[in-house]
Amino acid sequence: MSAKELLEIMSHGQFVSGVKLASQLGVSRTTIWKQFNELKEKGIEFEKVRGKGYRMLGGGSVLRGEWLKSALAMSEAGSQLQFEVVQSIDSTNSRLVDSSGSWDENKYYVLAAESQTKGRGRRGKQWFTPYGKNICFSLGFVFTGNIEKLEGLSVVVGVILADVLCEYGVNDVSLKWPNDVYVAGKKLGGILIELTGEFNSRCAVVIGVGLNVDVDGREGFTIDQLWTSLRLEGYAIDRTDLLLSFIQRLVDGVGKFLNSGSATYFNQWESYDYLRGKLVEVHGRNVIGVASGLKENGCLILKVNGCDYVLNSGEVSVRLSDG
Ligand code: BTN
């Protein structure tokens, strides 16, 4: 019995008894139990309930990988797109960065995962991706122009994610500079953009997106800020559908951004801007000011004693000030 066979049977998220699994897969119940333990080490976790059997932790279903593959292949950008979905990986961003040396120009590489064991957030933080619960993917491409042309990319990505969520009926979506997606004033997801290679000749751009869909807090992770998930906000949105929309819209939007810049997205950012008009504090610096929108290059403008204080997204983070 392979892990893949076991995962296939468990993919619908319903309880399956150990006896049934053992007979279906032609192995002993101990072998099944051992396989679940091995999967757990890879971040793929199942729960066992007495009298019912095993199921994916907290229920839920896995991504429909083959369906996604064919839907993407049939979409406008299909021929330019290489897509893969994996069960477990260290980090989709790291994996794309590592493979980027062999990428073709004019192609997009998308890697999605059901779980990550070393998911990375901004500023060296850990990013939790429990199995089968969230949206987790990276989109990569080769960029050959002047690196300054990429300024504003994170604004474009944020606006696209926010637009898609609104189209799925999610209310109170906002974007917290530079890379956080908020719903009802709590963090729903984040974006991690990484560049590697020769700047100003051939570099690879990797856009990582992590978004809480079905996590409800019982998955055994801690996050040092106020967070939420679509499920916790009362939305039952199919992860596969949502992932397809994100990928299609991002490929389309990134293409447009590379050809014609980010001006239209900047106007939209204003309508999603979580910080605008709020008093914010810059982490690690003695600066407090009123958030006053973005510069054309994506930098945040703070009004400090009547003057503009401009912040580059780099390693800076801001939080609301108490007073
Ligand atoms: C943040 O808010 O700190 C950014 C989080 C980005 C997480 C995503 S999940 C997919 C991709 N792979 C990673 O290791 N990180 C990004």
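Residues numbered from 1 in each chain as written. Predicted model: local features only at pLDDT ≥ 70, side-chain atom pairs only at ≥ 80, totals over all residues. Heavy atoms only, no water.

> For the environment of Gly-18, give the residues involved together with the corresponding values.
Checked against the element boundaries, Gly-18 lands in helix H2 (residues 18–25). Taking relative accessible area as the criterion, Gly-18 reaches 13% and is therefore assigned buried. Counting along the chain gives 168 residues from Gly-18 to Lys-186, while the straight-line C-alpha distance between them is 39 Å. Those residues in contact with Gly-18, other than ones at most four positions away along the chain, are Arg-29 and Tyr-54. (Helix = DSSP H or I, 4+ residues; strand = E, 2+ residues; numbered from the N terminus. Buried < 20%, exposed > 50% of the residue type's maximum accessible area, 1.4 Å probe, protein only. Contact = heavy atoms within 4.5 Å.)

> A description of the domain arrangement of the protein chain should follow, citing residues and the corresponding values.
What the domain assignment lists for the protein chain is domain 1 (3–59), domain 2 (65–270) and domain 3 (275–322). Distance from the C-alpha centre of domain 2 to the C-alpha centre of domain 3: 24 Å. If you look at the interface, domain 2 gives eleven residues, while domain 3 gives 18 residues. Together, the buried faces of domain 2 and domain 3 total about 1200 Å²; carbon and sulfur atoms form 62% of this surface. If you sort the residues of domain 2 by the area they bury against domain 3, Arg-123, Trp-177 and Phe-266 come out on top, with a joint share of 56%. Here domain 2 and domain 3 share zero salt bridges between them. Among the elements that take part in the side of domain 2 that touches domain 3, helix H8 (residues 263–272) stands out by supplying three residues, more than any other. The residue inventory of the side of domain 2 that touches domain 3, partitioned by class, reads five nonpolar, one polar and five charged. (Domains from an automatic or database assignment. Buried area = accessible area lost by both parts, 1.4 Å probe. Salt bridge = Lys/Arg side-chain N within 4 Å of Asp/Glu carboxyl O. Nonpolar A, V, L, I, M, F, W, Y, C, P; charged D, E, K, R; others polar.)

> Could you give an account of the confidence of the model for the protein chain, naming the residues involved and the relevant values?
Mean pLDDT over the protein chain: 91, with 98% of residues reaching 70 or higher. By mean pLDDT, strand E14 (residues 318–320) is the weakest element of the protein chain at 76, and helix H5 (residues 92–99) is the strongest at 98. (pLDDT = per-residue confidence, 0-100.)

> Kindly report on the packing of aromatic side chains, identifying the contributing residues and their values.
As enumerated under the stated definition, the model contains six aromatic pairs in all. Here the aromatic rings of Phe-46 and Tyr-131 are separated by 6.0 Å at their centres, their planes lie at 45 degrees, and the arrangement is tilted. With a gap of 85 residues between them, Phe-46 in strand E1 (residues 46–49) and Tyr-131 in the loop between strand E4 (108–116) and strand E5 (135–143) connect regions that are remote in the sequence. You can call Phe-46 buried: its relative accessible area is 12%. On the basis of relative accessible area, Tyr-131 is assigned to the buried category, the value being 4%. Sitting over the face of the ring of Trp-67, Arg-64 holds its NZ or CZ atom 4.8 Å from the ring centroid. Taking NZ or CZ as reference, Lys-278 lies 3.8 Å from the ring centre of Tyr-274, over its face. (Phe/Tyr/Trp six-rings, centres within 6.5 Å; stacked < 30°, edge-to-face > 60°. Lys NZ or Arg CZ within 6 Å of the ring centre and 35° of its normal.)

> Can you break down the sheet that holds strand E9 (residues 202–211) residue by residue, with the values?
Within the open sheet, the seven strands sit side by side as E3-E4-E5-E9-E8-E7-E6. Their pairing is mixed. The sheet terminates laterally at strand E3 (81–89) and strand E6 (173–176), the two strands that pair on one side only. Averaged over all pairs of adjacent strands, the angle between their axes in this sheet comes to 20 degrees, without regard to strand direction. Bridge count for strand E7 (residues 180–183) against strand E8 (residues 186–198) is four bridges, and the pairing is antiparallel. Bridge assignment links Tyr-182 to a residue of E8, and that residue is Lys-187. Along the sheet, helix H7 (residues 239–260) makes contact with E3, E4, E5 and E9, crossing E5 at roughly 20 degrees. (Pairing = 2+ DSSP bridges. Axes fitted to C-alpha atoms, helices over the stretch in contact; angles between N-to-C directions.)

> For the side chain of Asn-93, give the residues involved together with the corresponding values.
Turning to its location among the elements, Asn-93 is positioned in helix H5. Discounting chain neighbours no more than four positions away, the residues touching Asn-93 are Arg-120, Ser-138, Leu-192, Glu-194, Val-206, Ile-207 and Gly-208.

> Explain the sheet that holds E14 to me, using residue names and the numbers behind them.
Taken in spatial order, the five strands make up an open sheet running E13-E12-E11-E10-E14, and their pairing is antiparallel. Whereas interior strands pair on both sides, the edge strands pair on one side only; in this sheet they are strand E13 (307–311) and E14. Taking each pair of neighbouring strands and ignoring which way they run, the sheet shows an average axis angle of 45 degrees. Here strand E10 (residues 279–282) pairs with E14 via three bridges, running antiparallel. Within E14, the residue paired with Val-282 across the bridge is Val-318.

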